[in-house]
Structure formats: structure tokens, C-alpha cells
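Residue-level structure breakdown
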Amino acid sequence: LDTVYGYVRVTEGFSVFIPNAFTPNGDNHNPGFGAYCMGIDKYDLYIFDRWGLEIWSCSESGSNLSWDVPDLEGMPSACRWDGNVKGEPIQADVYVWKAEVTDVFGKFHSYIGRVSLGR
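Here's a quick rundown of the structure.

Section: the environment of Val104
Among the structural elements, Val104 can be located in the loop between strand E8 (93-103) and strand E9 (108-117). Distance in space between the C-alpha atoms of Val104 and Asp41 is 5.5 Å, their sequence separation being 63 residues.

Some words on the state of the cysteines
Scanning the model with the defined rule gives one disulfide in all. Cys58 shares a disulfide with Cys79; S-S distance 2.2 Å. Looking along the S-S bond of the Cys58-Cys79 disulfide, the torsion reads about -75°, which is the left-handed sense. On the criterion of sequence distance, the pair formed by Cys58 in strand E5 (residues 54-61) and Cys79 in the loop between E5 and strand E6 (84-85) is long-range, its members being 21 residues apart.

Rules and cut-offs
- Each chain carries its own residue numbering, running from 1 in the written order of its sequence.
- With pLDDT at 70 or above as the cut-off, local features in this predicted model cover only qualifying residues; side-chain atom pairs require 80 or more to be listed or tallied, and sums for whole chains, interfaces and linings still use all residues.
- Derived side-chain values reflect all non-hydrogen atoms in the structure, with water molecules and hydrogen atoms excluded from consideration.
- The helix and strand labels rest on DSSP assignments: H or I over at least four residues marks a helix, E over at least two residues marks a strand, and numbering proceeds from the N terminus.
- In this description, a disulfide is simply a cysteine sulfur pair whose atoms lie within 2.5 Å.

Here is the structure:
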């Protein structure tokens, strides 16, 4: 038999999940598009059309709650695209997004992908 003692240091975590589809059709299931994040300090989200023109963007900074707990939503929840451009619904299509995130450790992360907008 043997025994080992030591200290474990638990630090804040960092995680980003970005879905690939949403349906802003009024049924309250997947009504907006944005990232679900944990452990971030700054968050920027950009949406582009098929020609590469920016049609929507959002930027937030501040504290972030773990995984955007319902009714206690944190910073990234403020950046949710509702499928509208200048207040008007746009057509169902595939759009390109870019998310730039600075984590709680000061490290910059950039993500690019596609999202399907269904009506």
C-alpha cells in the first residue's frame, strides 16, 4: 500500500458551441442564431450573405455565465441573430458566419462556418 498527496488547481474553463441551423418562424424552437459559450470576456459575431457582404453583426464584452443558463443568460445571448436584416425577414438560405472570441485567459479565437436559416 502507498499514499500520495498533492494539490489540484481547478481553473475556469473555456468552451464554444455554435449550431448550424435555426428557424425563426415564431414557434419558439431555435428562434435565434448565436454561440453558446463558457469562460469568455469578449464576443463578436458577424453574418454574411452569399456574396460576402456583412448583413448583421454584434459585439459584447463582460462577464459570462456558464453555458447561458435559461433566465440568467450571459453575454453571448445578447448577440442572437433573429434572421432579420434592417427589421425585415430575409429568405431561407445558407449564410456564412464568423465569431471572434477572447477567453478569460486573454487568448483570441476565431471561428468561421455556415448556418442554415429555415422558415
